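Structural overview
Spelled out from the first residue to the last, the chains are:
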Amino acid sequence: DAGVIQSPRHEVTEMGQEVTLRCKPISGHDYLFWYRQTMMRGLELLIYFNNNVPIDDSGMPEDRFSAKMPNASFSTLKIQPSEPRDSAVYFCASRTFGVGGYTFGSGTRLTVV
Amino acid sequence: AQSVTQLGSHVSVSEGALVLLRCNYSSSVPPYLFWYVQYPNQGLQLLLKYTSAATLVKGINGFEAEFKKSETSFHLTKPSAHMSDAAEYFCAVSGHTGNQFYFGTGTSLTVIP
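Here goes a summary of the coordinates provided. (Residues numbered from 1 in each chain as written. Chains lettered and ligands numbered in written order. Predicted model: local features only at pLDDT ≥ 70, side-chain atom pairs only at ≥ 80, totals over all residues. Heavy atoms only, no water.)

What to know about the overall build of chain A
Heads up, the rule is: Here a strand is any run of E in DSSP of at least two residues, a helix any run of H or I of at least four, and the numbering for each starts at the N terminus. Buried, partly exposed and exposed residues are distinguished by accessible area as a fraction of the type maximum, computed with a 1.4 Å probe on protein chains only: under 20%, between the cut-offs, and over 50%, respectively. A contact between two residues is defined here by any heavy atoms of the two lying within 4.5 Å.
Scanning chain A from terminus to terminus reveals zero helices and eleven strands. Its helices and strands in sequence order give chain A the pattern β-β-β-β-β-β-β-β-β-β-β, from N to C terminus. Projected onto the principal axes, the alpha-carbon positions of chain A cover approximately 40 × 25 × 25 Å. Every one of the 113 residues in chain A was classed for burial, and the buried ones make up 49%. Nonlocal contacts in chain A, meaning residues at least 24 apart in sequence, comprise 54% of its contacts between residues at least 6 apart.

What follows is the structure, encoded as structure tokens:
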């Protein structure tokens, strides 16, 4: 099992540009989570999906952020337009139903200049 | 509502000394509790989890944690620190659905040679 795969690992973009982060969960996992990690705020849950359906997006900071999960093996987190304060490490995690921890991806380090 | 508090954002121990990282939880339902470790530039890895079975939980790399309901604590310990244990450690709590984890702010462990 390759684990949760995120791409790109690093992204540097200019303010105002659109950024798309990608995630492939572990096969068979029916929950997918997007987290953001910063020094100031720690780990914040942005949104999570169950069976490709968004369940809770209350953590999405603003309308500039959107997330989709078109199928069980792929999800995107889009920021449009990006701002310097969006600079952070974005993690995707997945899990299957029942008791258990998440499996995290290696993260995407986003820098908006 | 659920939350965790990690006491001490930075902990330093000598190599070979006892490691003790503190976590207290708040939960309106019987909690599931987790410890994760994050090495530099990597995602979070599950160290161990408590899911209402044995109160003393053993995890990977020689770590263990004890669930103490009377103290609402789930402290992480390791008898003898190794240089490779230097990392960020996160405590997390979830309810029985496991749909949403609430992470602590993390404790950075430094191991001094």
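Examining the overall build of chain B
Selection criterion: Put simply, the radius of gyration uses C-alpha atoms, and a globule should come to 2.2 Å times the residue count raised to 0.38. A 1.4 Å probe and the Shrake-Rupley method give the accessible areas. Residues count as covered only by the protein chains that appear here. When charges are counted, Lys and Arg contribute as positive and Asp and Glu as negative, whereas His and the chain ends are disregarded. Charge coordinates come from a single atom per side chain, which is NZ of Lys, CZ of Arg, CG of Asp or CD of Glu.
The helix and strand tally for chain B stands at zero helices and eleven strands. Shown N-terminal to C-terminal, the secondary structure of chain B runs as helices and strands in the order β-β-β-β-β-β-β-β-β-β-β. A compact globule built from 113 residues should have a C-alpha radius of gyration of about 13 Å, and chain B, at 13 Å, falls within 12% of that. Dimensions along the principal axes, computed over C-alpha positions, put chain B at roughly 40 × 25 × 20 Å. Taking all 113 residues of chain B together, 46% fall into the buried category. In chain B, 57% of the contacts between residues at least 6 apart in sequence involve partners at least 24 apart. When the accessible surface of chain B is totalled, it reaches about 5,200 Å², and 54% of it is carbon and sulfur. Taking the 6 positively charged and 6 negatively charged side chains of chain B as two groups, their mean positions are separated by 8 Å.

As for the packing of aromatic side chains
The condition is simple: Any two of the Phe, Tyr and Trp rings considered here, Trp counted by its six-membered ring, make a pair once their centres fall within 6.5 Å; the pair's planes then place it as stacked at under 30 degrees, edge-to-face at over 60, or tilted in between. Here, a charge over a ring means that NZ of Lys or CZ of Arg falls within 6 Å of the ring centre while also lying within 35 degrees of the ring normal.
Scanning the entire structure with this criterion turns up 21 aromatic pairs over all chains. Plain terms: the ring middles of Tyr102(A) and Phe104(A) are 5.8 Å apart, the flat faces sit at 40 degrees to each other, and that makes the pair tilted. The class for Phe104(A) is buried, based on a relative accessible area of 8%. Ring plane angle 80 degrees and centroid distance 5.7 Å describe the contact between Phe104(A) and Tyr36(B), whose orientation is recorded as edge-to-face. Pair noted here: Phe104(A) is in strand S10 (residues 103-104) and Tyr36(B) is in strand S4 (residues 32-38), and the two residues belong to different chains. For the pair Phe104(A) and Tyr36(B), one class covers both residues: buried. The positively charged end of Arg95(A) is found above the aromatic ring belonging to Tyr31(A), 4.3 Å away from the centroid.

Describing the nonpolar core
Our working rule: In this description, a nonpolar core means a group of buried Ala, Val, Leu, Ile, Met, Phe, Trp, Tyr and Cys residues linked to one another through side-chain atoms lying within 4.5 Å.
Formed by 27 residues in total, the largest nonpolar core has its most connected members in Trp35(B), Leu48(B), Leu76(B) and Tyr89(B). The set of elements that each furnish at least two residues to this core consists of strand S2 (10-14), strand S3 (19-27), S4, strand S5 (44-50), strand S7 (64-68), strand S8 (73-78), strand S9 (87-94) and strand S11 (107-112) of chain B. The next biggest cluster of nonpolar side chains, apart from the first, holds 21 residues, and it includes Leu21(A), Met60(A), Leu110(A) and Val112(A).

So, the sheet that holds S3(B)
Residues and elements named next belong to chain B. Just so we agree on the cut-off: Only strands that DSSP links by at least two bridges are regarded as paired with each other. For helices, the fitted axis covers only the stretch in contact; all axes are lines through C-alpha atoms, and the angles between them, taken along N-to-C directions, range from 0 to 180 degrees.
Within the open sheet, the five strands sit side by side as S1-S3-S8-S7-S6. Their pairing is antiparallel. Pairing within the sheet leaves two strands with one partner each, and these edge strands are strand S1 (2-7) and strand S6 (56-58). Averaged over all pairs of adjacent strands, the angle between strand axes in this sheet comes to 20 degrees, irrespective of strand direction. Of the strand pairs in this sheet, S6 and S7 are connected by three bridges, and their pairing is antiparallel. For Val57, the partnering residue across the bridge sits in S7 and is Ala65.

Regarding the environment of Cys91(B)
All names here are of chain B. Structurally, Cys91 can be placed in strand S9. Separated by ten residues in sequence, Cys91 and Phe101 have C-alpha atoms that sit 9.8 Å apart. Those residues within four positions of Cys91 in sequence are excluded, and the remaining contacts are Val4, Gln6, Cys23, Phe34, Trp35, Tyr102, Phe103 and Gly104.

So far we have only geometry, and geometry alone does not tell us how the molecule works.
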